[in-house]
Every structure is written in C-alpha cells, then in structure tokens.
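Structural characterization, general
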Amino acid sequence: MKKTLTTLAALLASAAFATAASACDMTLRSSDTHPDGYPTVEAVKAMAKEVEAKTDGRICIEVYPSAQLGEEKDTIEQTQLGVIDMVRASFGTFNDIVPETQLFSLPYLFRSVEHQHHVLDGPIGAEVGKAFESHDLVQLANYDSGSRSFYNSKHPINSIADLKGMKFRVMQNDVFVDMMKALGANATPMPYGEVYSSIQTGVIDGAENNWPSYDSSGHYEVAPYYTLDQHLMVPELVAMSKTTWNKLSPEDQTVIKAAAKNSETLERKLWAEQEKKSEDKVVAAGVKVVKDIDKQPFIDAMKPVYDKYVTTPEAKDLVARIQATQ
Ligand code: GTR
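Right, let's walk through the structure included here. (Residues numbered from 1 in each chain as written. Predicted model: local features only at pLDDT ≥ 70, side-chain atom pairs only at ≥ 80, totals over all residues. Heavy atoms only, no water.)

1. Quick word on the environment of isoleucine 157
Condition: For the purposes of this entry, the term helix denotes a DSSP run of H or I that reaches at least four residues, the term strand denotes a run of E that reaches at least two, and both are numbered from the N terminus. Summary of the burial criterion: residues with accessible area below 20% of their type's maximum are buried, those above 50% are exposed, and those between are partly exposed, where the area comes from a 1.4 Å probe applied to protein chains only. The contact criterion used throughout is that any non-hydrogen atoms of two residues lie within 4.5 Å.
Within the secondary structure layout, isoleucine 157 lies in the loop between strand S5 (148-152) and strand S6 (167-170). A relative accessible area of 1% means that isoleucine 157 is categorised as buried. In this structure, the C-alpha to C-alpha distance between isoleucine 157 and aspartate 229, residues 72 residues apart in sequence, is 9.3 Å. Those residues in contact with isoleucine 157 that sit more than four places away from it in its chain are Asn152, Asp162, Leu163, Met166, Thr227, Val290 and Ile293.

As structure tokens, then:
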C-alpha cells in the first residue's frame, strides 16, 4: 500500500511538473482572416513569441489564421465581448463598431504608404487608438495593407465608364457602398470568405483588394482583370479585448504593448516584400493588369462621398489635419 502511495505521489508530482513546464498561465486566442504565411499572421505570431519569451512562458498567444474563429466583423464583436482575446482586422471592418475609424476609410485620403505612416505614427494615430477604449477594445498596433484596387471577371477597367452597372463586393461598411455609387457601380457588402464563390457563380462581377489578398484568397483565379486605380488605402490593426487587457498586470501590459509595436515594424517589412511577390505571382498566372490609369477622374468622383461623411467641424478638422500631414 505504502509503495503504491509513493508511486502515486511521484506520478502526481511529475504530472504537476510537466504541466508547469509546458502550460501557460494565460492563453490568449488571436484571430485573423488571412492564412499562415500572410504578413499580418506572421507578425502576430512573432508578437506571440516575444510575449511568451518575455513572460517566461506565462502568457501564450495562439494565432488562429484563415478565419477559423469566424469572419472579420464577427470576430471583432467577439473580441469586444472577451470571447476572443485579440483580432487583426482592417479599419474598414471596424467602422460600424468604432465609428472614430470611419474617416480613415475615405477613398484617396492617404497619398502614399509614407503619408499613412506619418499620420498613424503621430498624434492622429494616438487619438484614434485611444477611441477604441470606449468600445471595449485596446488598440495595440497598426499594420500596412498597401492600396486596394478593382478586379473583376468580365473585362479590363480602363476608366470609370467601364465600371458602370457592374456589381462589386465591398467590405461591410457604408462608406464603401457610397464609394461604389459615386462611381456608377453597384456595391454588394459581404464577408470576405464569401467573395470567391460569389464571383465564381456570377452573384457579383468582382471585388477590390490589395495584391496579397487578391493572391492569397485565390480571387485572381475567378476575376483575372485587375486595374491599379488604388482607390483605398485602409490601415489595419491588432486590437485586444478590454476584458482580457484588464486581467493583465501593468508589467505584462507593457510587455504586450512593446511586442505589438515590434510586430508592427516586422509587418511593414513583410508587407513590402509580399506585395511584390503577390503581384509577380498573379501576373505569371495570367492576370491582365491595367497599370496606367488616370486616377484624377476617380479622385474627382469621390466628392459626394466626402460631402456625405465629412460634415461636422470635428470631421472636417480631422480630414484637414490628415491631408496636411507630410
Ligand atoms: C484584406 C484585409 C482583411 C479584410 C479583407 C476584406 O485586405 O487584410 O482584413 O478586410 O481585405 O476585404 O474583407
């Protein structure tokens, strides 16, 4: 009997040791719509590694790619509720949830990646970041996502006239619906995961996105006409549930913030590399790209969108400050 008890005690002790050595005190789940290998997914994984190392394995972040935890809008809502701990998503999907992000989705607002960095890395970025807190979220990092352009299954788009009457999927956000209206096309808001089959079955004629998404989603297979009109440059971000954030000690919050910031630098580098790789890949696969397009008529056509959304003195001031940022 004694021997059995000793053996049992030893077994329990070793089990406890094994648990202590491998398990984390806290495991956070992070969602992304993109697959493994995509810059945003790899950047959050790098953040997870850093957090685990700096907390001696106490805090682990599990990254769930490929919309395993749901479509982007649902995962943002789940993060607000604390069901999911972290989400990487586009400002565009946050618009209805964190209205302070809406003006960042205006077409042709950002002139270049550098301009976008200067805005987001400065006081304007800090202000919009702070706004997440009143919506049960903590903004941790901004990620690059290049610019979005139109693609479709029917024909090359050489001018606004070519868009007339066509049906394009947009993110679930009113600004983008009005953007399509202003261009004389029809907008069909729908989750990202439904776009491929909707193009394939002819429910929509096309969609719009950056090179890496166009590539990794496989949309180029069913919509091989891409026009580099670059109508949108919508930033992306990583946010944490405020419920989760409040469970962390101030020291751990500092570790997480720093790791998120480092992941931002990494993502910007990975992004630039991936944009080129994806462009080369889809072109090699036979995509017809219209590169030389006169953007001015597109920019001019967006006036009604600005008139509709930039109405209050605060909105006018914010847009003016963004435009004045060098
Ligand atoms: C991608 C973006 C995703 C998602 C997607 C979409 O470029 O990275 O977060 O917003 O576009 O169009 O839904």
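Moving on from the coordinates now.
2. Remarks on the site of the ligand
For the record, the criterion: The near set for a molecule or strand comprises every residue that places at least one heavy atom within 4 Å of it. Two N or O atoms count as a polar contact when they lie within 3.5 Å, although within protein this holds only if one can serve as hydrogen donor and the other as acceptor, and sequence-adjacent residues are included solely when both atoms are side-chain atoms. Residue burial considers only the protein chains on display, and all accessible areas are found by Shrake-Rupley using a 1.4 Å probe. In this classification, Asp, Glu, Lys and Arg are treated as charged, Ala, Val, Leu, Ile, Met, Phe, Trp, Tyr, Cys and Pro as nonpolar, and every other residue, Gly included, as polar.
His34, Glu72, Arg169, Asn209 and Glu236 are the nearest of the 14 residues found near the ligand. Arginine 148 is positioned such that a nitrogen or oxygen atom in its side chain is 2.8 Å from an oxygen atom of the ligand. Alone, the ligand offers 320 Å² of accessible surface; in the complex the protein occludes 99% of this. Of the residues contributing to the shell around the ligand, the split by class is two nonpolar, seven polar and five charged.

3. Let's talk about the pattern of salt bridges
Selection criterion: Within this document, salt bridges are pairs made up of a side-chain nitrogen of Lys or Arg and a carboxyl oxygen of Asp or Glu, the two lying within 4 Å of each other.
This structure, assessed with the given rule, holds 24 salt bridges. Salt-bridge contacts for arginine 148 lead to glutamate 208; the nearest nitrogen and oxygen are separated by 3.1 Å. Pair noted here: arginine 148 is in strand S5 and glutamate 208 is in strand S8 (residues 206-209), with a separation of 60 residues, a long-range link. Across the pair, glutamate 208 and arginine 148 agree in class, each one buried.

4. Some points on the sheet that holds strand S10 (residues 236-241)
Just so we agree on the cut-off: DSSP bridges decide pairing: two strands pair if at least two such bridges lie between them. The axes are straight lines fitted to the C-alpha atoms, using for helices just the contacting stretch, and the angles between their N-to-C directions are given from 0 to 180°.
Strand order across the open sheet formed by five strands is S2-S1-S3-S10-S4, with mixed pairing between neighbours. What marks the edges here is a single partner per strand, and that holds for strand S2 (59-64) and strand S4 (137-143). For this sheet, the mean inter-axis angle between neighbouring strands, taken without regard to orientation, is 25°. Note: S4 against S10, six bridges, orientation antiparallel. Bridging across to S10, glutamine 139 finds its partner in alanine 239. Each of strand S1 (26-31), strand S3 (86-90), S4 and S10 is contacted by helix H3 (residues 72-81), which is oriented at about 140° to S3, the strand it contacts most.

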